[in-house]
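So the chains spell out like this:
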Amino acid sequence: MNVLLIGSGGREHALAWKISASPLLGKLYAAPGNPGIASHAECVALDVADHAAVVAFAKEKEIGLVVVGPEAPLVAGLADDLHTAGIRVFGPSAKAAQLEGSKGFTKDLCARYGIPTAAYGRFGNAADARAYAQEVGAPIVVKADGLAAGKGVTVAMELDEALSAIDACFEGAFGAAGAEVVVEEFLEGEEASFFFLCDGKTALPFGTAQDHKRLSDGDTGPNTGGMGAYSPAPVLTPELEARVIAEIIEPTMRGMAEMGMPFAGVLYAGLMLTKDGPKLIEYNARFGDPECQVLMLRLKDDLLPLLLASAEGRLADFSPRWRDEPALTVVMAAKGYPGTPEKGSVISGVEDGGDGVMIFHAGTARDASGRLVAAGGRVLNVTAAGATVLEAQARAYAAIERIDWPGGFCRRDIGWRAVEREKAAD
Ligand code: AMP
Ligand code: GLY
């Protein structure tokens, strides 16, 4: 079967690597792809926002499955348009992708189906949002309703910061995404991510992870798209996993189906493990980036049949198998990230990460003379497995030592919570 993969990041490189190992695969195409993905797929310069062009390409190349990596095309209805054209697609419809595309939608779903989450208000103007924030007081969290590339959330320790964030949203800091805001209770606890493959009816647990959203060591500095991750998340015990499924995931799947927008694709639950039990922070409608990279390193089974079963409503028959060993990924970013990253610096030493190590490309490109250069904020994902998180961490950082890229940097402490847990358990 021929497959078309949509996207160009480290998440998509990991998916391309895994899909390309499938005996079911005919030819893999990626749009637009990147130099790492090009080792596994033919990269094509399709305009992903032009759904008619994607449909035409899929027909011409006899694509049996389109796999959509990022959220924007899903929220824009690419899966709907492919579906209408009779092309199988892995990823939710635009309506179902509202779970990521509208924070207010998800909060209302939680309220309607009794799903534990932070108490909230949903507002279409600054005055009402400000009044609510003043009434609740700090600490408090302000979120632009729509997609804001991970930048639309302000966790305000002081009321003034929350009020400024509300004003910024309504003054257009996030464009249309900020036309509505959610103001919500501050939750305390440890965060974890839990992934599910869904087909509208079944939500198949598909691994756990923890990521490091902050730029600097010790989880300090500004928020980023994620500077590293590891899987599994040791904090999610089997008991907690069962509670998340029963209290959060099952009512979500039921609610979405009842509302006529059954969810298929990856449901990524961002959770806060509070003293009152797990609460939903947010949903994403796709794999995490860089969480996908560690999940793909741990998945023993062929990915392609699972993606197909999601698209065809057959997931109930599957139970994916995972390696016991943890995996960890360190993001190497270009200097300047998460502000304006410096582009064009030359990267070498990434061809072979060594034993148990995969170096996934995120923001890379080839320059006119074919050299590998930085072309984005997050540029490489150095991903390793090991008998322990400590060993995976050591392997990843050893591979980083062999990479020659003066224009890049990374955190030095990815996995620290899990490593501390391992040390405490010794
Ligand atoms: P998001 O972009 O929605 O993933 O939010 C970014 C980060 O903000 C999350 O990973 C949390 O660390 C934090 N956050 C979001 N909502 C809350 C909340 N209600 N209480 C505490 N922290 C939050
Ligand atoms: N790493 C966080 C995300 O993919 O949203």
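Please read all numbers here as calculations on a predicted model, not as lab measurements. Position labels on residues start from 1 in each chain and follow its written sequence. Think of it this way: whatever chain is written first is A, whatever ligand is written first is 1, and the rest follow in order. In keeping with the model being predicted, local features are shown solely for residues with a pLDDT of at least 70 and side-chain atom pairs are shown and tallied solely at 80 or more, while totals for entire chains, interfaces and linings include all residues. Calculated side-chain values reflect all of the structure's heavy atoms, with hydrogen atoms and water omitted.

**Digging into the nonpolar core**
- Counting residues in hydrophobic clusters, the biggest one holds 49 residues, and the most contacted among them are Leu4, Ile6, Val66 and Ile249.
- Helix and strand definitions here come from DSSP, where helices need a minimum of 4 consecutive H or I residues and strands a minimum of 2 consecutive E residues; each element is numbered from the N-terminal end. No other element matches helix H9 (residues 238-258), which puts five residues into this core.
- Here a residue-residue contact requires only that any non-hydrogen atoms of the pair lie within 4.5 Å. Discounting residues that sit within four places of it in the chain, Ile6 has contacts with Glu12, Ala31, Val48, Val54, Val66, Val67, Val68, Gly69, Pro70, Pro73 and Leu78.
- What makes a nonpolar core is a set of buried Ala, Val, Leu, Ile, Met, Phe, Trp, Tyr and Cys residues whose side-chain atoms join them at distances within 4.5 Å. Exposure is judged per residue with a 1.4 Å probe applied to protein chains only, and the accessible area is read against the type maximum: over 50% gives exposed, under 20% gives buried, and values in between give partly exposed. Within the second largest apolar cluster, 40 residues are counted, among which are Ile19, Leu25, Val294 and Met296.

**A look at the site of ligand 2**
- Close to ligand 2 lie Asp211, Gly225, Tyr268, Asn284, Arg286, Gly288, Asp289, Pro290 and Glu291, which account for all nearby residues.
- Polar contact criterion, stated in full: a pair of N or O atoms within 3.5 Å, where within protein one must be able to donate a hydrogen and the other to accept it, and residues adjacent in sequence count only if both atoms are side-chain atoms. In the environment of ligand 2, a nitrogen atom lies 3.0 Å from a nitrogen or oxygen atom belonging to the backbone of Gly225.
- Between Arg286 and ligand 2, the recorded distance is 3.0 Å, taken from a side-chain N or O atom to an oxygen atom.
- Throughout, the Shrake-Rupley method with a 1.4 Å probe supplies accessible areas, and for residues the shown protein chains are the sole cover considered. Compared with its free state, where it exposes 200 Å², ligand 2 has 90% of that area covered by protein.
- Under this grouping Gly is polar, as are all residues other than the nonpolar Ala, Val, Leu, Ile, Met, Phe, Trp, Tyr, Cys and Pro and the charged Asp, Glu, Lys and Arg. Here the shell around ligand 2 is composed, by residue class, of two nonpolar, three polar and four charged. The rule for a residue being near a molecule or strand is that one of its heavy atoms must lie within 4 Å of it.

**Things to note about the site of ligand 1**
- Near ligand 1, the surroundings consist of 15 residues, among which Glu184, Glu185, Leu187, Glu191 and Glu282 are the closest.
- Within the side chain of Lys103, one N or O atom sits 3.4 Å away from an oxygen atom of ligand 1.
- One of the backbone N or O atoms of Glu185 is found 2.9 Å from a nitrogen atom in ligand 1.
- If ligand 1 stood free it would expose 480 Å²; the protein chains cover 91% of that surface.
- Residue assignment for the shell around ligand 1 shows that the elements contributing at least two residues are strand S7 (140-144), strand S8 (153-156), strand S9 (181-185) and strand S16 (277-284).
- A breakdown of the residues in the shell around ligand 1 according to their chemical character gives eight nonpolar, no polar and seven charged.

**Overview of the pattern of salt bridges**
- Salt bridges are identified by distance alone: a Lys or Arg side-chain nitrogen within 4 Å of an Asp or Glu carboxyl oxygen. Overall, the coordinates contain 23 salt bridges when judged by the stated rule.
- In this structure, Lys107 and Glu184 form a salt bridge, with 2.9 Å as the shortest nitrogen-oxygen distance. With Lys107 in helix H6 (residues 103-113) and Glu184 in strand S9, the pair connects residues that are 77 residues apart, well separated along the chain.
- Classification of Lys107 by relative accessible area gives buried; the value is 4%.
- Across the pair Asp219 and Arg411 runs a salt bridge, and its minimum N-O distance is 2.8 Å. One end of the pair, Asp219, is in the loop between strand S12 (214-216) and strand S13 (220-223); the other, Arg411, is in the loop between strand S22 (408-409) and helix H13 (416-425), and 192 residues separate them in sequence.
- For Arg411, a relative accessible area of 1% translates into the label buried.
- Each of Asp217, Asp219, Arg411 and Asp413 takes part in one network of salt bridges that share partners.

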